[in-house]
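Residue-level listing of the chains:
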Amino acid sequence: MAPYESDDSTPAGEVEDVRDGRRRAARYVVPVTVVGVAAATIGLVPAFAGSGDPDLPKISAQQLIEKIAKSDVQQMSGTVTISTDLGLPDLGGLQDSLASGALSQGEKGKGDSAADPSSKLLELASGTHTVRVAADGQDKQKLSLIEKAAEYSVIRNGDQVWAYDSASNQAYHATGAGEHKSGEAAPKDVPATPRDFADQALKAADKTTSVTVDGTAQVAGRDAYKLVIRPKQSGTTVGAISIAVDARTGLPLKFTLTPAKGGAAVLDVGFTQVSFAKPAASTFDFTPPKGTKVTQGDDLKAGHEEAGRGARHKDTGGTPWGSSSKTIGEGWNAIYVFDTGGKGGVPSGSPSGEGAASGFLNSLGDHVTGKFGSGTVFSTRLVNALITDNGKVYAGAVTKDALVKAANAGK
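Predicted, not measured: the structure shown is a model, and the values here were computed from it. (Residues numbered from 1 in each chain as written. Predicted model: local features only at pLDDT ≥ 70, side-chain atom pairs only at ≥ 80, totals over all residues. Heavy atoms only, no water.)

## Let's talk about the overall build of the chain
- A count of helical and extended segments in the chain gives eight helices and 20 strands.
- In the chain, which comprises 411 residues, the share counted as buried stands at 50%.
- Across the chain, every contact between residues at least 6 apart in sequence was considered, and the portion connecting residues at least 24 apart equals 64%.
- When the accessible surface of the chain is totalled, it reaches about 17900 Å², and 48% of it is carbon and sulfur. (Helix = DSSP H or I, 4+ residues; strand = E, 2+ residues; numbered from the N terminus. Buried < 20%, exposed > 50% of the residue type's maximum accessible area, 1.4 Å probe, protein only. Contact = heavy atoms within 4.5 Å. Areas by Shrake-Rupley, 256 points an atom, 1.4 Å probe, with all protein chains shown as cover.)

This is the structure we're talking about:
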């Protein structure tokens, strides 16, 4: 447990210090996924829209955090808008190629399906998306990603999980789903609601963090308090995180992350409409349309394991990426370090076409030198990664100078 600051800047309690989420998210930051998956590590919203600041009873940061923790919304439905601005150039079709290469080197294999939920993470890494969510108790949830001419849905009903991609007419099916909190997206690995991101931010809060209450707002027609999380440390790219918390239910309605350099939020996740009425039972029913290609979860898992075995022995001398991984520093300045086992910086030579794109990736980065040798820093507005020519990767929500300093220290 670690202390945090209340709204009058005095210690008011403790927030659980859980850095596992940050470390787990950092594993995505490998050469090509710097382009596409940084959004999986962070969350949030540009501004709180509403029709004025409601007059609500005063509440401390400690009380508001407890209110979030005790929130037990069993039935709800609504629409969430997600807008991501990592400051990346528009890569057009090249981004799809890079994404394909990242997945083929990582977990993709025989049995892959366009409906596999993990494949949708990259789509949330840029642009604006509309997601509809619904929940009825602990064992019924639905999440739908609404696209221009298609819809992708993940439906959990009891121990049955279905995911369906209308564009490809493919479905994914699994059984024995684990328990989820109400108002939380299913599956857990696909953060899509303000609560998903709020939980991650609060788990990461520790002695390096200031947590305060900063007034009120109205979100999706609901009165809400604003909880603000700020790093106390310098050297991080995170400026502040604001969470709008429903005054009645304690459910996070909006989550805003502003980068240290200012400007628009990195990612906007917020309800534009929400209801706490019980959704219709039919909401959670799903039968694959005629002609749908269905992939079973066990088949997909077997394919991933086979692909993983191949990746561990390809271009890495038999050393799996991340086998020597570690985290250095603390709090917001934590840096994830691992050795790819390869030389020459950005990997190349992938049959997926990643090798052809590696030169372009290098052109996007900044060449740096130091005691560690030389390498390339790939930067977004939040997550930065240094890939050295001897195969080491340093990544985190820290500045380029912090990455170079860590590499020079030989950590």
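Here the narrative resumes.
## Some words on helix α3 (residues 61–70)
- Regarding α3, the residues found buried are Ala-61, Gln-62, Leu-64, Ile-65 and Ile-68. Taken around the axis of α3, the buried residues stretch over an arc of 165°, which confines them to a single face. (Arc of directions from axis to C-beta.)

## Some thoughts on the pairing of strand β3 (residues 75–84)
- With ten bridges joining them, β3 and strand β4 (residues 127–136) adopt antiparallel strand pairing. What sits directly across from Val-80, in β4, is Val-131.
- Sheet topology places β3 next to strand β13 (residues 267–275); eight bridges connect them, and they run antiparallel. Counted as the bridge partner of Thr-79 is Gln-273 from β13. (Pairing = 2+ DSSP bridges.)

## Observations regarding the nonpolar core
- One finds Met-76, Ile-82, Leu-227, Ile-229, Ile-241 and Ile-243 to be the most contacted residues of the largest nonpolar core, which totals 54 residues.
- With five residues, strand β11 (residues 238–246) is the largest single contributor of residues to this core.
- If near-sequence neighbours (up to four positions away) are discounted, Leu-227 is found in contact with Ala-61, Leu-64, Ile-65, Ile-68, Leu-202, Val-211, Thr-212, Val-213, Ile-241, Ser-242 and Ile-243.
- Ranked by size, the runner-up nonpolar core spans 13 residues in total, among them Tyr-394, Leu-403, Val-404 and Ala-406. (Core = buried A, V, L, I, M, F, W, Y, C linked by side-chain atoms within 4.5 Å.)

## Quick word on the sheet that holds strand β8 (residues 170–175)
- Read across the sheet, twelve strands follow the order β9-β10-β11-β12-β13-β3-β4-β5-β6-β7-β8-β14 without closing on themselves; strand pairing throughout is mixed. For this open sheet the edge positions go to β9 (209–219) and β14 (293–296), each flanked by a neighbour on one side alone. Going from strand to strand, the sheet's axes swing by 15° on average, the running direction of each strand aside.
- As judged from the six bridges shared by β4 and strand β5 (residues 140–146), these two strands associate in the antiparallel manner. In the strand pairing of β5, Thr-130 is matched with Ile-146.
- With respect to the sheet, α3 is in contact with β9, β10 (222–231), β11 and β12 (252–259), its orientation differing from that of β10 by roughly 115°.
- Taken strand by strand, helix α5 (residues 194–204) contacts β3, β9, β10, β11, β12 and β13, and its axis lies near 60° from that of β12. (Axes fitted to C-alpha atoms, helices over the stretch in contact; angles between N-to-C directions.)

## Brief notes about the sheet that holds strand β17 (residues 366–370)
- Ordered in space as β15-β16-β20-β19-β18-β17, the six strands form an open sheet in which the pairing is antiparallel. In this open sheet, the two edge strands, each paired with only one partner strand, are β15 (326–328) and β17. Between one strand axis and the next, the sheet turns through 25° on average, direction left out of account.
- Two elements, strand β19 (residues 384–388) and strand β20 (residues 392–396), share four bridges in a ladder whose sense is antiparallel. The partner of Ala-385 across the bridge, within β20, is Ala-395.

## Here's the deal with α5
- Within α5, nine of the eleven residues are buried, which leaves it mostly tucked inside the rest of the structure.
- Regarding α5, the residues found buried are Pro-194, Arg-195, Asp-196, Phe-197, Ala-198, Asp-199, Ala-201, Leu-202 and Ala-204.

## Details of the packing of aromatic side chains
- Counting across every chain of the model gives four aromatic pairs.
- Ring plane angle 45° and centroid distance 6.3 Å describe the contact between Phe-197 and Phe-255, whose orientation is recorded as tilted. With Phe-197 in helix α5 and Phe-255 in strand β12, this pair connects stretches of sequence that are 58 residues apart.
- For Phe-197, a relative accessible area of 6% gives the class buried.
- Among the residues examined, Phe-255 registers a relative accessible area of 1% and is labelled buried.
- Each residue in the set Trp-162, Tyr-164 and Phe-286 is aromatic and connected to the rest through ring pairs, giving one cluster. (Phe/Tyr/Trp six-rings, centres within 6.5 Å; stacked < 30°, edge-to-face > 60°.)

## Details of the pattern of salt bridges
- One pass over the structure, following the stated rule, counts six salt bridges.
- Asp-85 is the partner of Arg-381 in a salt bridge, and the nearest nitrogen-oxygen pair spans 3.3 Å. Of this pair, Arg-381 sits in the loop between β18 (373–379) and β19 while Asp-85 sits in the loop between β3 and α4 (93–105); the two residues are 296 residues apart in sequence, bridging distant segments of the chain.
- For Arg-381, a relative accessible area of 22% corresponds to the partly exposed category. (Salt bridge = Lys/Arg side-chain N within 4 Å of Asp/Glu carboxyl O.)

## Re the environment of Thr-236
- Within the fold, Thr-236 resides in the loop between β10 and β11.
- Residues Thr-236 and Val-383, 147 residues apart in the sequence, show an inter-C-alpha distance of 9.5 Å.
- Beyond its immediate chain neighbours, meaning those up to four positions away, Thr-236 contacts Pro-231, Ala-260, Trp-332, Asn-333, Ala-397 and Val-398.
- Reaching out from Thr-236, the side chain makes a polar contact with the backbone oxygen of Ala-397 at a distance of 2.9 Å. (Polar contact = N/O pair within 3.5 Å; in protein donor to acceptor, adjacent residues only side chain to side chain.)

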